[in-house]
Each structure stands twice: as structure tokens, then as C-alpha cells.
Amino acid sequence: MSNTKRFTISGIIVVILLLIPVVVSRTDLMTWLTFTLLYIALSQSWNLIGGYAGQQNLGHAAFFGIGALLVRTLWLYGTPLPLALVAGALAAMIFALIIGFPAFRLKGVYFIIGTLVLAEILKIIFDTILPHASVLPSKLLNDYSLTPRYYLSLVIALLAVGLVYGISRSKLGLGLMSIREDEDAAEAAGVDTLKYKLTAFLISTGLAGLAGGVYAYFAAAVLPGHMFAAEWTFDAVIIVFVGGVGTIIGPIIGSIFFVLLQQLLNLFLPAGTHVLVFGILFIFVVLYLPGGLVGLIHKLKKNAS
Amino acid sequence: MIALVAQTFVNGINVGALYGLAAVGLSLTFGVMKILNIGHGEFLMVGGYVAFWMLRLAGIDPFIGLPIVAVVLFLFGAVSYKLFFSTLSGFHEEQKIKNSLLIGFGLFLVFPQIARLLWTGDERAITPFYSGGSFPILGIRFGYVPLAGVLVAVIVILALHLFLKKTYFGKSVRGTSENWKAAKLMGINVNRTYMITFGIGTAIAGVAGILVGLTQSLSPGVGMEWTLKALIVVVLAGIGSVGGAFFAGLILGVLEAVGAIFMGPYAVALGLVIFLVILMFRPQGLFGKA
Amino acid sequence: MLLDVKHITKAFGGLVAVQDLAFTVEAGEVIGLIGPNGSGKTTSFHLISGFLTPDQGEIEFDGHRITGLKPHKVCQGGLARTFQLTKPFAELSAAQNVMVGGLYGDTTGQTTRQAVKESEEILEFVGLGGRGDTPAEAFGTVGRKRIEIARALATKPKMLLLDEMMSGLTRTEMAEALALVRAIRDSGVTLIVVEHVMKAILEISDRLIVLHHGEKIAEGIPAEVLKNQAVIEAYLGE
């Protein structure tokens with residue numbers, strides 16, 4: 001598909017998305033859309049570090065949580081939302097910088113486990129020091145409207161997709177992919193692997209922090225520990241892989257599919273079944289279909305022509 | 001005061017033995033096959049549930065039923081290996097490690113859900129008639145069950161150690177882990193060796209699961225918690241040090257118990273922090289080879 | 001003097017891989033680095049290119065001290081290398097492989113568009129003209145070696161370390177490879193070549209350095225080195 005065609009279609013979709021709140025008033029539909037967009041942002045942010053740079057960060061929830069917690073706290077204390085969001089993203093990025101330096105010196109496996117453990121530590125800490133749910137004060141609850149939440153989610157999703165897309169076509173993207181393919185060879189070709197891994201990590205965590213901010217703004221009541229729940233990482237990872245790791249469309253399709261499946265399955269089957277289904281799909285993809293749904297579509301197209 | 005410290009120490013050893021046992025299977029699998037199975041804890045959970053239902057439905061005492069659980073988990077593990085991990089053995093090392101992590105992660109997603117569907121999310125404890133009993137020595141309480149647990153852990157690890165050192169199969173496992181190409185040339189069926197090793201690892205995890213069910217409780221989500229514990233111990237001990245895993249487990253157990261006195265609920269984070277510190281400053285662990 | 005290796009030593013645990021190695025390379029030379037298996041040739045490459053840091057000794061390149069520099073810095077300084085077992089960026093195209101070198105190793109700050117064009121030229125130079133869009137993993141051994149060389153050349157090196165370019169090649173492929181090596185030399189790049197295929201290295205080298213058990217046991221023009229008693233024993237004993 002040519003670039004012009006691609007942009008036109010994307011443009012049309014964006015316009016449609018912008019107009020949705022005008023025509024749709026059903027809260028469940030709006031919630032579903034808001035969540036899909038949230039997942040698109042979150043999974044795309046992981047895609048940058050895990051899919052393009054090849055560093056499987058299993059502690060992504062930590063950055064989502066930091067963003068969410070800070071945004072909610074600041075916003076509830078009166079900070080204008082945009083400022084709070086920026087603060088949330090920055091906080092996530094600062095944290096990423098602090099742990100990125102030592103973490104990236106660890107060889108492959110250790111990095112993956114290290115980030116997982118880190119997120120767990122944060123969850124335990126916040127579960128303990130903030131055990132009570134944060135509930136919106138009654139004034140805000142009365143004024144609660146889904147529309148601004150939807151638009152915020154849309155903006156962040158567009159930002160995430162746009163940013164990752166731009167990077168994927170740039171010199172930075174090429175460098176990241178070279179690191180993914182072979183770190184030693186990348187170094188030998190002049191790529192400062194530590195610097196670029198950190199760069200991807202910072203952008204990725206900043207976006208995750210923003211996604212967390214969206215969630216913080218959206219949730220009427222939420223347990224702070226839940227903001228750091230490992231599910232946020234895992235959902236992002238399985239969405240990216242099932243959709244198509246290292247592609248732009250992959251996380252988008254994956255997110256739509258994931259939330260749809262979640263809603264559908266929750267109607268008939270016990271909660272959490274969608275995780276089971278996606279988990280099985282995930283294993284299948286890792287073993288037999290590394291390109292995910294996007295790869296599958298490509299293969300089918302190729303066979304058809 | 002001394003009594004408190006001593007009791008804490010004993011409690012720490014009790015839990016630590018479990019940590020060590022939980023870690024041994026993981027260490028074995030990673031040392032031999034370079035597969036880091038994040039789903040390791042899931043097999044522990046299944047083992048615990050099997051023992052639970054054996055007691056509940058058939059009245060079989062968990063210690064007597066231990067061999068049954070071991071066999072069941074061995075087979076379960078071998079089949080899992082065949083299904084999920086054997087395709088990985090062809091990849092070159094870094095890819096294999098990354099993919100095995102992903103697969104383990106997939107198992108971690110899937111197993112708890114299945115467990116929840118089958119057995120509900122309720123917490124289960126394995127409670128034979130003698131659980132809760134204890135005897136005092138110098139004012140320190142020694143629980144029957146935890147003590148038996150430590151004993152079981154020691155026996156299992158010793159047995160494994162002897163198995164690897166003395167038997168032909170054990171030697172072929174070690175040979176395959178050193179150099180699988182050479183092992184293959186010597187006629188060792190590498191794939192089968194891997195499968196059996198994996199099965200042994202999961203069998204041990206299953207046994208650990210019984211002990212967890214006896215001394216703590218079981219729930220579908222227990223897997224990840226124990227995988228993390230096992231990971232900490234493996235890293236603390238050093239990859240490839242199977243015997244060291246036991247001692248590292250004891251160390252972790254005692255540290256957590258002591259930490260709980262001063263840090264309360266944050267003590268759990270202590271283990272994780274130690275893990276990170278070791279990872280950064282001494283990645284080969286306390287007993288491992290550099 | 002382009003490269004000055006000053007008495008470097010590297011040991012792993014109890015095993016000494018490279019012992020007190022010293023030699024110099026002048027611009028424009030082709031140096032052949034030979035020796036039996038395990039004599040420390042590839043380790044020397046790792047030490048010079050920054051993948052390993054010597055326990056003792058210094059390395060100077062183009063007037064700058066490069067000891068302990070990270071590999072990407074060494075590359076940006078004009079010293080490039082290939083690997084014994086090729087390391088292509090498998091899922092990237094041949095052109096993209098080359099472009100990584102052109103954008104990151106080459107410090108002139110060229111644009112992506114320029115790098116694209118340049119990658120076509122370099123691929124042409126190594127004999128892979130027109131195949132820029134093919135993913136690197138689709139190439140056979142010969143193709144991958146060429147891609148790796150192209151990628152290294154894109155970094156505009158003053159010196160190139162070639163690690164076992166000829167292994168696994170047929171006679172015709174070897175002749176082509178030799179021609180390529182000569183072309184690289186003629187384009188002004190100084191070369192150090194590690195090779196096991198004697199015939200090839202004799203044809204191409206101005207000078208030979210022989211390693212055995214991590215130590216330099218001989219150095220000089222090929223004809224003389226091959227008559228050296230120690231060299232003969234090293235190879236026969238192996």
C-alpha cells in the first residue's frame with residue numbers, strides 16, 4: 001500500500017474517531033473505545049523497546065504506575081490535567097533513566113528478569129504504603145463525563161502511534177533494529193548501543209507514563225497498587241506479540257482484538273478467560289507464528305497473489 | 001530476645017528450605033538447557049493442588065502421596081517440554097533464552113486461568129490431622145510439618161545430587177549441559193535427555209508445591225510468587241549451582257524472616273532488592289562460576 | 001604508523017589468550033595474521049576493536065589511544081572489523097545493513113537519503129549490486145560475508161580487520177574474494193587479515209605475523225616467515 005493511501009486511510013479513521021462522541025452516547029461503547037485506545041498507546045509504547053529495540057522489558061507496569069499515581073495525585077490536588085500528565089511522563093522517564101543505566105549493562109536475560117522484579121518491588125511498596133482506594137471526590141464524580149476521557153485517550157494513542165511510526169522510519173529506528181538483530185554487530189558498525197537502548201527506553205516509558213495518566217484520569221476509584229499490577233505489562237506484551245511484534249499495525253490490531261475478546265468472553269465465561277485465550281494465542285505465536293496477526297495477513301496475501 | 005531471634009532463625013530455615021527446593025528445579029533446567037522457565041512456579045502450584053485433592057478426595061496423606069505427585073509432575077513436565085520447549089533447542093543461544101522466557105511467560109498466563117476455572121480462586125491449604133502440631137526445644141517451637149518439609153527438601157536435593165554424580169543418566173545430563181554437540185556425537189539422545197531433565201525439574205517443583213500447600217496455602221496465583229522466589233535463589237546461588245541453590249534458599253529464608261521483624265510487610269521487597277543488587281554487582285551469584 | 005599495538009596481554013581466569021603482543025601496521029599495508037587454532041588471532045581482533053580490554057598494554061590507532069574504548073567509538077575512529085561467524089542484521093535488508101554502518105559508523109553526518117544511495121554503490125562494489133532489498137537472512141554464506149564487508153566499508157574505515165573471510169568458500173568464490181580484498185586495498189584501506197587458507201593469505205599479504213599460544217613467534221615477508229623453523233613447528237605440532 002503506498003504511503004499516500006496509507007495516510008489517507010489513517011486520516012479518515014482519525015476523523016471518524018474524533019467524531020465518535022458526537023454520534024455515540026452509549027457509555028459502554030465509549031468505555032470500550034477508550035480502553036482500546038489506552039491499550040493501543042500502552043502496547044505501542046512497549047513495542048518500541050520490546051519490538052523494535054529487542055529489549056524485552058517485563059517491568060513496563062512500573063512506569064505505567066508511576067505515571068498513573070503521579071497524575072492522579074497532582075490532578076486531585078488541583079493541578080491542571082495537562083501539567084499533571086507532563087509531570088507523570090517525566091517522572092516515569094526519570095525513573096527509567098535511573099534504572100536504565102545499570103539495567104542495560106546486564107546481559108539479555110538478566111535485563112528481562114531484572115525489570116520484572118523491579119516492577120514487583122514497586123507494587124509491593126505501593127500496596128503497603130497506599131492500601132486504600134483513591135476515590136474521586138463527589139464534586140468530580142458528579143461532573144464525571146466520559147467524553148474528555150475518550151479524547152485524552154485518543155490523543156495519547158495518536159501520539160504513541162505517530163511517535164513510534166516516525167521513529168521506525170528514521171535513523172534512530174534503524175539503529176534500534178540493528179541492536180535488536182545483533183548488538184555486537186551494531187557496536188562494530190558504530191552504534192552506541194547503550195545510548196540508543198536508553199533513548200528507546202526513555203521514550204517508551206514516557207509514553208507508558210502518559211498511558212498511566214489516561215487511566216488515572218479515567219478511573220472513578222482505583223487502588224494505587226493496581227496501577228502497578230503486572231497485568232499492565234503482560235497485556236501489553238501479549239497484545240504486541242499476537243498483533244505482530246515490531247510492526248506499527250500489530251499493536252493496533254492486537255489491542256482491538258484483545259479488548260473485543262475481553263468484552264465478549266466476559267459475557268459468557270468467568271472473568272479472566274480472555275487472558276487464557278490470549279495466553280494460548282501468545283504461546284502459539286511465539287512458537288509458530290512470530291509475525292503475529294500481521295505476519296499471518298502478509299502470508300495470506302502472498303499466497304493469494 | 002534471644003528466643004525471638006532463634007525462633008525467627010528456625011522459621012527462616014523452614015521457609016528457606018522450601019525456597020531452595022523450589023529453586024533447584026529451575027537451576028537444573030537453566031543450567032542444562034539454558035531454558036529459563038518463568039512458568040516454573042506454575043508446576044509448583046499444580047503439584048500442590050494434586051496433593052490437596054488427593055487428601056481431600058481420597059484421604060491420601062500428602063507425604064505418602066509425595067511420590068505420586070512427583071511422578072505426575074514429571075510426566076506433566078515432560079509433556080510440556082515436548083509441546084512447548086523442544087522446538088527451541090534448535091535456536092542459537094540468545095534467541096533460545098529470549099524465546100524460552102516468552103514461552104514460560106505464556107505458561108504463566110495460561111495455567112493460573114485454567115486452575116481458576118478448575119479449582120476456583122479460593123485459597124487451599126493441605127491440612128492432614130497432624131498439621132499445626134509442634135514440639136518445643138529450649139523454648140523454640142519446631143512445627144512437625146515444617147520440619148518434615150525441611151527433611152524432604154534435604155532428601156530430595158541430596159538424591160538429585162547423587163543422581164547427577166553417580167548414575168549414568170546423571171552423567172549424561174551433565175555431559176549434555178557442558179557440550180551438547182559432543183554429547184550427541186557420543187550417542188546421547190540430547191532431546192530425550194532434555195525432556196527428562198525438564199521433567200525432573202518440574203517433579204521437584206511439584207514436591208515443593210506440596211510443602212507450600214502444607215505450610216502456607218495454594219491459590220491459582222501462587223505460581224508467579226514462587227517463580228520469583230526461585231529466580232532470586234537461583235541468581236543468589238549462581239546459575240548452574242544446584243547444591244548452592246539449597247543454601248541460597250536458606251539464606252533468603254532467614255534474611256526475610258529477620259527482615260520481617262524490622263521491616264514488616266516490606267520484607268518481601270527485601271528479597272527482590274537483594275536480587276537486583278546481586279544481579280548488578282555479582283551476577284555469577286555466591287557459589288556460581290564466573 | 002597507523003596502528004601501534006604495544007605489548008598487550010589478555011587472560012581469562014588462568015588461561016592466557018594473548019601474551020605480550022606487539023606489532024605495528026603502516027597505512028596501505030596488508031598484514032596477514034596467521035597461526036594454528038586457538039593461537040589468539042580472533043582474541044587480538046577483539047582487543048584491537050574494543051570488544052575486549054587488554055589486561056596490560058596499550059593500543060594506538062591513527063595517533064590516538066584506543067585502549068579500552070567501546071567498540072562503537074573505535075569504529076567511528078576509523079577502525080572497522082568483520083566477524084569470524086558472520087553477524088548480519090538478519091531481518092533487515094542488505095541495504096539497511098550497509099546503511100547502519102553508513103549512518104552510525106561514518107561520522108560525517110550524512111542524511112538517510114545519502115546513506116541509501118551510498119549503500120547501493122557499496123553493495124555494487126562488493127558484488128551484490130541490485131540486491132539491496134533482499135533481507136540479509138536470505139543470503140547464503142558468501143552473500144552474508146559480503147554484506148558484512150559492505151557494512152564495515154560504509155563506516156569509511158582507514159583500517160579493516162577481516163576475520164576469516166575465506167572459510168567455507170569454493171575455489172571460484174575464493175578468487176572473487178581475493179579480488180575484492182585487493183580492490184579494498186586499492187581504495188586506500190589498510191588491512192589486517194586473519195586467515196587459515198594459506199594460499200590466499202600468501203597471495204594477498206605484504207607482511208605476515210604469526211601467533212602461537214597467544215604469542216608472536218614470527219614476523220616478516222611471507223617467503224621468509226614460512227621458512228622460519230618455529231613457524232613450521234607450530235603448524236606441524238598442531
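Rules and cut-offs
In every chain, residue numbers begin from 1 and rise along the written sequence. For this description, chains carry letters from A and ligands carry numbers from 1, given in the order in which they are written. It should be noted that, the model being predicted, local features are given only for residues of pLDDT at least 70 and side-chain atom pairs only at 80 or more, the latter also being counted only at that level, while totals for whole chains, interfaces and linings use all residues. The secondary structure listing takes helices from DSSP runs of H or I that are at least 4 residues long and strands from runs of E that are at least 2 residues long, numbered from the N terminus. Based on C-alpha atoms, the radius of gyration is set beside the globule rule, defined as 2.2 Å times the residue count to the power 0.38. Exposure is read from a count of other C-beta atoms within 10 Å of each residue's own; the residue is exposed at 12 or fewer, buried at 20 or more and partly exposed in between. C-beta atoms are placed from the backbone. The contact rule is simple: place each C-beta atom from the backbone, and if two of them lie within 7 Å, those residues are in contact. In this description, a nonpolar core means buried residues of the types Ala, Val, Leu, Ile, Met, Phe, Trp, Tyr and Cys, linked to one another by C-beta atoms lying within 7 Å. Segmentation into domains, and thus their bounds, comes from an automatic or database assignment. Residues were grouped as follows: Ala, Val, Leu, Ile, Met, Phe, Trp, Tyr, Cys and Pro as nonpolar; Asp, Glu, Lys and Arg as charged; and all remaining residues, including Gly, as polar. Where helices are involved, their axes are fitted lines through C-alpha atoms of the stretch in contact, as for all axes, and angles between N-to-C directions lie from 0 to 180°. Roughly parallel refers to an angle under 35 degrees, roughly antiparallel to one over 145, roughly perpendicular to one between 65 and 115, and oblique to any angle outside these ranges. In a left-handed crossing the near helix is turned counterclockwise from the far helix by less than a right angle, and in a right-handed crossing that turn is clockwise. Should DSSP find at least two bridges between two strands, the strands are regarded as paired. As a per-residue measure, pLDDT tells how confident the predictor is, with possible values from 0 to 100.

Draft legend 1. Focus on the overall build of chain A. When you go through chain A residue by residue, the secondary structure sums to 15 helices and two strands. Taking 19 Å as the expected radius of gyration for a compact globule of 305 residues, we find that chain A reaches 19 Å, a close match to that expectation. Overall size of chain A, expressed as C-alpha extent along the three principal axes, is 60 × 45 × 40 Å. Within chain A, the fraction of its 305 residues that count as buried is 50%. Here the contacts in chain A between residues at least 6 apart in sequence split such that 79% fall between residues at least 24 apart.

Draft legend 2. Expanded view of the overall build of chain C. Of regular secondary structure, chain C possesses nine helices and 10 strands. Each principal axis of the C-alpha atoms in chain C carries an extent, and together these give about 50 × 40 × 30 Å. Considering chain C as a whole, with its 238 residues, one finds that 48% of them fall into the buried category. Residue pairs at least 24 apart in sequence account for 65% of intrachain contacts in chain C once pairs closer than 6 positions are excluded.

Draft legend 3. Main features of the interface of chain B and chain A. Residue-level contacts link 30 residues of chain B with 29 residues of chain A. Of all the elements in the fold, those that place two or more residues in the side of chain B that touches chain A are helix H4 (93–119), helix H9 (222–237) and helix H11 (267–281) of chain B. By residue number, the principal contributor to the side of chain B that touches chain A is H4 of chain B, which donates 14 residues.

Draft legend 4. Quick peek at the nonpolar core. In terms of nonpolar packing, the biggest core is built from 261 residues, with Ala41 and Ala211 of chain A, Leu21, Val207, Val233 and Val234 of chain B together with Val193 of chain C touching the most fellow members. Taken domain by domain, this core gets at least three of its residues from each of domain 1 (1–78 + 158–238) and domain 2 (88–156) of chain C. Among residues more than four places away in sequence, those in contact with Leu21 of chain B are Ala153, Val156, Ile157, Ile204, Val207, Ala208 and Leu211 of chain B.

Draft legend 5. Structural context of the interface of chain C and chain A. With 24 residues of chain C at the contact, the number on the chain A side is 16 residues. Secondary structure elements with two or more residues in the side of chain C that touches chain A: helix H2 (71–76) and helix H3 (94–105) of chain C. Counting residues per element, the side of chain C that touches chain A draws most heavily on H3 of chain C, at seven residues. When its residues are assigned to classes, the side of chain C that touches chain A shows 11 nonpolar, eight polar and five charged.

Draft legend 6. Spatial organisation of the packing of helix H2 (residues 40–58) of chain B against helix H3 (residues 66–85) of chain B. All names here are of chain B. Interhelical geometry of H2 versus H3 gives an angle of 140° and a closest axis separation of 10 Å. What the angle tells us is that H2 and H3 run oblique. With respect to the hand of their crossing, H2 and H3 are arranged in right-handed fashion. Each of Phe43, Val46, Gly47, Val50, Ala51 and Met54 in H2 lies in contact with H3, whose residues at this interface are Ile68, Val69, Val72, Leu73, Phe76 and Gly77. For the contact of H2 with H3, the per-class residue count stands at 10 nonpolar, two polar and no charged.

Draft legend 7. Expanded view of the pairing of strand S2 (residues 140–143) of chain B. All names here are of chain B. Pairing between strand S1 (residues 134–137) and S2: four bridges, direction antiparallel. Residue pairing across strands places Phe135 opposite Phe142, the latter belonging to S2. The antiparallel hairpin formed by S1 and S2 contains two residues in its connecting segment, where Leu138 sits at a positive phi of about 55°.

Draft legend 8. A look at the environment of Tyr144 of chain B. All names here are of chain B. Mapping Tyr144 onto the fold places it in helix H5 (residues 144–166). The class of Tyr144 is partly exposed, set by 15 C-beta atoms lying within 10 Å. Put simply, Tyr144 and Gly132 are 12 residues apart on the chain and 7.4 Å apart in space, counted from C-alpha to C-alpha.

Draft legend 9. Focus on the domain arrangement of chain C. Residues and elements named next belong to chain C. Taken domain by domain, chain C consists of domain 1 (1–78 + 158–238) and domain 2 (88–156). Computed over C-alpha atoms, the centres of domain 1 and domain 2 are 24 Å apart. Between domain 1 and domain 2, the contact holds nine residues from the first and nine residues from the second. Elements with a contribution of two residues or more to the side of domain 1 that touches domain 2: H2 and helix H6 (171–186). Across the side of domain 1 that touches domain 2, the residue classes tally to five nonpolar, two polar and two charged.

Draft legend 10. How the structure looks around the sheet that holds strand S2 (residues 15–25) of chain C. Residue and element names in this part refer to chain C. The four strands lie next to each other as S2-S1-S4-S5, forming an open sheet whose pairing is antiparallel. Every interior strand has two partners, whereas the edge strands, S2 and strand S5 (64–65), have only one. Lying on the sheet, helix H1 (residues 41–49) is in contact with strand S1 (3–12), S2 and strand S4 (56–61); it crosses S2 at an angle near 65°.

Draft legend 11. Examining the packing of helix H2 (residues 27–52) of chain A against helix H7 (residues 146–168) of chain A more closely. Residue and element names in this part refer to chain A. Packing of H2 against H7 brings their axes to within 9 Å, and their N-to-C directions diverge by 25°. Taken together, the axis directions place H2 and H7 in an arrangement best described as roughly parallel. By crossing handedness, the relation of H2 to H7 is classed as left-handed. Its residues assigned to classes, the contact of H2 with H7 shows 17 nonpolar, eight polar and one charged.

Draft legend 12. Inspection of unusual backbone geometry at higher detail. Residue and element names in this part refer to chain C. The backbone of Asp20 sits at a positive phi, close to 50°, despite the residue not being glycine. Looking at where Asp20 falls in the secondary structure, it is placed in strand S2. Positive phi is not limited to glycine here, since Lys156 has a value of about 55°. One can find Lys156 in the loop between helix H5 (141–153) and strand S7 (159–163). The exposure class assigned to Lys156 is buried, which follows from the 20 C-beta atoms found within 10 Å.

Draft legend 13. Focus on the confidence of the model for chain C. All names here are of chain C. Per-chain confidence: chain C averages 90 in pLDDT, with 99% of residues scoring 70 or above. Averaged over each element, pLDDT in chain C is lowest for helix H9 (residues 229–237) (77) and highest for strand S6 (residues 79–81) (95). The ipTM, which scores confidence in the relative placement of chains, is 0.90 for this predicted complex, and the corresponding pTM is 0.87.

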